[in-house]
Amino acid sequence: MMAENTSAAPLLEMRHIHKSFFGVKVLDDVSVSLHKGEVLALLGENGAGKSTLIKILNGDYTMDSGEIYLNGQHVQFHEPRDAEAHGIRMIYQELHYAPDLSVTENLLLSELPRGRGFPGRYIIDWRQAREIAQSRLKLLDLAIDPDVHMRDLPVVERQIVEIVKALSADAQIIVMDEPTAALTPPEVEMLFGIIRNLCAQGVAIIYISHRLDEIFEIADRVTILRDGQHVATKRVDEVKLASVVELMVGREIEARRKTLALTGQESQVVLEVQNLTKLGAYEDVSLKVHAGEIVGVFGLIGSGQLSLTRSIFGAERPDSGSILVDGRECTIRHPQDARNAGIGFVPVDRKVQSLIMGQSVRKNVTLSNWQRLARMGFFQQRIEKDHTRHWVDSLGIRMAGDMEVPIRFLSGGNQQKTVLARWLEANVRVLILNEPTWGVDVGARSDIYDQLEALAQSGLAILIVSSDIQEIMSVCPRILTIYRGRITAEFHRESVSKDELLAAAAGEAV
Ligand SMILES: Nc1ncnc2c1ncn2[C@@H]1O[C@H](COP(=O)(O)OP(=O)(O)OP(=O)(O)O)[C@@H](O)[C@H]1O
Ligand SMILES: [Mg+2]
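Residues numbered from 1 in each chain as written. Chains lettered and ligands numbered in written order. Predicted model: local features only at pLDDT ≥ 70, side-chain atom pairs only at ≥ 80, totals over all residues.

1. Looking at the pairing of strand β13 (residues 269-278)
No. 1: The pairing of β13 with strand β14 (residues 282-290) spans six bridges and is antiparallel. Counted as the bridge partner of Glu 272 is Lys 288 from β14.
No. 2: Where β13 folds back on β14, the antiparallel hairpin that results is connected by three residues, among which Gly 280 adopts a positive phi of roughly 85°.
No. 3: Relative to strand β16 (residues 320-325), β13 runs antiparallel, the two sharing five bridges. Paired with Leu 271 across the bridge in β16 is Val 325. (Pairing = 2+ DSSP bridges. Helix = DSSP H or I, 4+ residues; strand = E, 2+ residues; numbered from the N terminus.)

Below, the structure is given as structure tokens:
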């Protein structure tokens, strides 16, 4: 699919782009180019400036200086509409759908077909609209009901609708900012098929992802940013994964050693779930997590694991079964009940469920600990600052400005680290984490794993739910697989292969 004509004038050139926030340079003289029919991967650590660069391309942000050329012509985009008029489409890291509109309405928004009405009055031809929507969904081979409200779709499907929306428009450049974070492997393959198809038709793609293995599968070239600067652009077939990582983080990353096979199973059971059932979501789930233990639940997205953890945390009601903490049965009807029982929870959808976007990093980190800190009265702010400083340093939370900046100004991966910091700070007995490192860069990932191991060693019971097999195998000594809402098998990390895990998570007998 690689454009043979790399020598021809690029489709897009961004030249010498500069951008600062709060006096901090987040893009410093960055230049990139993009050719017709190619996939360019844009890589860099959390906060490196990837999203900022593409928001400038889309006219969301105004650059301080620099120039953009399309097909050799100097262009200026003052708002997203300008970029759209030039065939540039974005699929953002944060989804931009209208939750109360139907799938059809989201897909067609500005182009709903008009039927015949009284003169001077517009009537929307819903039958035709639905047909158009359906045909676009078919492009991706999707069985999504076009009449359903976006709000009622699983996150995965909402993401897919966003993708379909961008694909169906008349695009010459499509920018995807971590499009696969919420997709299952077959869906990722489907998306890649579509990307290849589009490239064959001359569309060019800028692709941002922290899943580096994907880059080697789909991209032709990589451009790597570090601290807002362009450090390298290479052809994918001329680089190795290790050197890409090194260019991203500016140092060599050691392979993660597997720590002691501490399963904690001799110690006390802290969390026990007995025969928990919610019809249509998960069934007859029983599991135990001991003090000092990290247990992984591995399953493809959509296997019931999210609903399961939400139930343990009181955000959803199970139909039957029980939850025990330290051997005592808990009645958990509401997240506050779970909190009181000593359970902490890192959800998937950090935007909606956990961060207070307008509040500072400090407030977001110390939120769960508020009652404890409030008792410190006069010293509260000082202590909050010290605690926040600790997490900012140990997880490498990066932002332009200090810990008083509102969280919405942080990059996606750094927001995720802040959610984690809050719960690492929260002084709980049990910590449940859903997809803890979605959108987090490779370097920061291992910092997070180190912190989780340290917490386990201090006696916490940790349950990690993840669809990332590498993550599960590197942090969880004991692993349960879930398929269609049922626990299908249990393994010890030392004696299981990747293939066996994948098979058990796909419902194949082991
Ligand atoms: N609107 C804004 N106001 C203030 N600072 C911002 C704003 N947008 C981004 N930043 C800062 O600019 C820097 C780059 O952020 P950006 O979102 O571009 O990173 P990224 O490379 O996309 O990271 P990630 O992989 O975590 O998504 C970060 O330090 C971020 O805090
Ligand atoms: Mg980003």
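2. Focus: the site of ligand 1
No. 1: Near ligand 1, the surroundings consist of 20 residues, among which Asn 46, Ser 51, Thr 52, Ser 411 and Gly 413 are the closest.
No. 2: For the shell around ligand 1, the secondary structure elements donating two or more residues are α1 (50-57) and α15 (412-424).
No. 3: Across the shell around ligand 1, the residue classes break down as seven nonpolar, 11 polar and two charged.
No. 4: The two domains that each donate at least three residues to the shell around ligand 1 are domain 1 (1-9 + 18-87 + 170-252) and domain 4 (357-427). (Near = placed C-beta within 6 Å. Nonpolar A, V, L, I, M, F, W, Y, C, P; charged D, E, K, R; others polar. Domains from an automatic or database assignment.)

3. Overview of helix α16 (residues 442-457)
No. 1: Under the 1.5 Å per step criterion, the end-to-end length of α16 is 23 Å for 16 residues, consistent within 8% with the ideal 22 Å.
No. 2: One or two residues past the end of α16 sits Gly 459, with phi positive at roughly 110°. (Expected span 1.5 Å × (residues − 1).)

4. Thoughts on the pairing of strand β19 (residues 430-434)
The side chains of a regular strand alternate between the sheet's two faces.
No. 1: Burial runs high along β19: five of the five residues are buried.
No. 2: As paired elements, strand β18 (residues 343-346) and β19 share four bridges and run parallel to each other. Note that in β19 the partner of Phe 345 across the bridge is Ile 432.
No. 3: With α16 bridging β19 and its parallel neighbour strand β20 (residues 461-466), the resulting β-α-β unit is right-handed. (Buried ≥ 20, exposed ≤ 12 C-beta atoms within 10 Å, placed from the backbone. Right-handed = clockwise from strand over helix to strand, strands pointing away.)

5. Focus on the nonpolar core
No. 1: In terms of nonpolar packing, the biggest core is built from 132 residues, with Ile 205, Tyr 207, Ile 343 and Val 430 touching the most fellow members.
No. 2: Not counting residues within four places of it along the chain, the set of residues in contact with Ile 343 comprises Ile 312, Phe 313, Val 325, Ala 338, Val 428, Val 430 and Ile 432. (Core = buried A, V, L, I, M, F, W, Y, C linked by C-beta atoms within 7 Å. Contact = placed C-beta atoms within 7 Å.)

6. Some thoughts on the sheet that holds strand β5 (residues 73-75)
No. 1: Across the sheet, which stays open at both edges, the four strands sit in the order β2-β1-β4-β5 with antiparallel pairing between neighbours. Looking at strand neighbours, the two that pair on one side only are β2 (24-34) and β5, the edges of this open sheet. Here the strands of the sheet are splayed against their neighbours by 30° on average, with no regard to which way each runs.
No. 2: Packed on one face of the sheet, α1 meets β1 (12-21), β2 and β4 (65-70) and runs near 115° to β1. (Axes fitted to C-alpha atoms, helices over the stretch in contact; angles between N-to-C directions.)

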